[in-house]
Amino acid sequence: MKSNIRKFDKAIENFFPESGIWYSNCFLTAQEVDRSNLPCHLRNNLWMSRLMKSENHWILVRDTTIKEYLDGSELFSNLRHDYELRIVEWQTKHQLNDGEGWIVSDQYGGDFYMFHQDADKGFRLGIKQTLEAINMDKEVIEEGIEKNRDLWFDKYINIAFRNIYAPVFLSWSGDRSTPKKELKDAWTRVRKYDYYQEHKESVDKYGTILPEMKMTFDEVTMLRYYIEMEGAKRIEEIDRRKKEREAKSFARIKEE
């Protein structure tokens with residue numbers, strides 16, 4: 001058995017890909033023992049043992065012998081974990097680069113999530129639901145999301161704010177009005193606080209706890225009140241500008 005362990009250790013050192021890229025065949029959880037299906041079987045040690053056996057031409061070694069090794073190998077567990085995190089990182093960057101083929105919840109606008117007031121929530125959920133759909137471990141998904149939070153968090157919080165208080169139709173119409181900086185600052189701080197409340201366990205385990213996430217109840221209450229007051233004024237302004245734009249368009253149609 002010791003000779004087998006040395007052999008297995010050597011094989012596993014270069015077993016996992018350097019890239020976290022995966023392909024749509026994993027949505028089918030294809031059972032064929034082929035490297036292209038590796039990302040969707042990472043926690044199935046019997047399937048993994050068959051792939052190792054096939055790739056290394058271990059004709060005389062039983063699947064169960066390899067599986068026994070995988071079940072107890074700290075080296076295998078660590079290397080697999082690192083690879084899983086590469087997959088989460090790749091998925092995050094894929095979505096950031098407008099990649100296709102990921103799950104976008106209708107709850108956050110579906111294909112139009114980028115224009116939704118909760119675009120940040122839709123983006124995060126997209127990573128989670130997509131990788132869960134290919135049988136990735138739920139805990140390692142959460143770990144990867146938090147460890148890669150700096151890639152997407154601020155960007156999508158800004159997008160969500162813009163969709164509420166600076167909707168795209170304003171810029172399309174040439175309107176250059178912008179919400180107050182104070183409103184954006186307050187809203188962003190509360191958004192980060194709320195994120196922590198929703199994902200506290202994952203942030204505590206794997207992420208960075210930002211100062212905004214540790215605000216007191218009184219601080220958050222005051223900011224929410226300010227957002228409610230100033231936000232209402234901004235929404236009222238947006239509605240007025242929208243009506244003005246529609247009136248001008250209607251007048252042009254009548255003239256034509």
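Thresholds applied
- Residues numbered from 1 in each chain as written.
- Predicted model: local features only at pLDDT ≥ 70, side-chain atom pairs only at ≥ 80, totals over all residues.
- Heavy atoms only, no water.
- Buried < 20%, exposed > 50% of the residue type's maximum accessible area, 1.4 Å probe, protein only.
- Helix = DSSP H or I, 4+ residues; strand = E, 2+ residues; numbered from the N terminus.
- Arc of directions from axis to C-beta.
- Contact = heavy atoms within 4.5 Å.
- Expected span 1.5 Å × (residues − 1).

Draft legend 1. Structural context of helix 3 (residues 63–72). Where helix 3 is concerned, the buried positions are Asp63, Thr65, Ile66, Tyr69 and Leu70. The buried residues of helix 3 occupy an angular sector of 165° when the element is viewed end-on, so they sit on one face. For helix 3, the exposed residues lying more than 90 degrees away from the buried face are Thr64, Glu68 and Gly72.

Draft legend 2. Fine view of the side chain of glutamate 230. Position of glutamate 230 relative to the elements: it lies in helix 11 (residues 217–255). For glutamate 230, a relative accessible area of 13% gives the class buried. Filtering out sequence-adjacent residues up to four positions away, glutamate 230 remains in contact with Lys180 and Leu183.

Draft legend 3. Structural context of unusual backbone geometry. Positioned with a positive phi, histidine 57 is a non-glycine residue whose angle comes to about 55°. Note that histidine 57 resides in the loop between helix 2 (45–56) and helix 3. Here histidine 57 falls in the exposed class, since its relative accessible area comes to 64%. Its identity is not glycine, yet aspartate 98 carries a phi of approximately 60°, on the positive side.

Draft legend 4. Region of the structure containing helix 5 (residues 119–133). With 15 residues, helix 5 ought to run about 21 Å at 1.5 Å a step, and its terminal C-alpha atoms sit 21 Å apart, in line with that. Buried within helix 5 are the following residues: Ala119, Asp120, Gly122, Phe123, Arg124, Gly126, Ile127, Thr130 and Leu131. Of the surrounding secondary structure, the elements contacted by the buried residues of helix 5 are helix 4 (74–96), helix 6 (138–147), helix 7 (149–165), helix 9 (181–198) and helix 10 (200–206). Backbone geometry just downstream of helix 5 places asparagine 135 in the positive-phi region, at approximately 75°.

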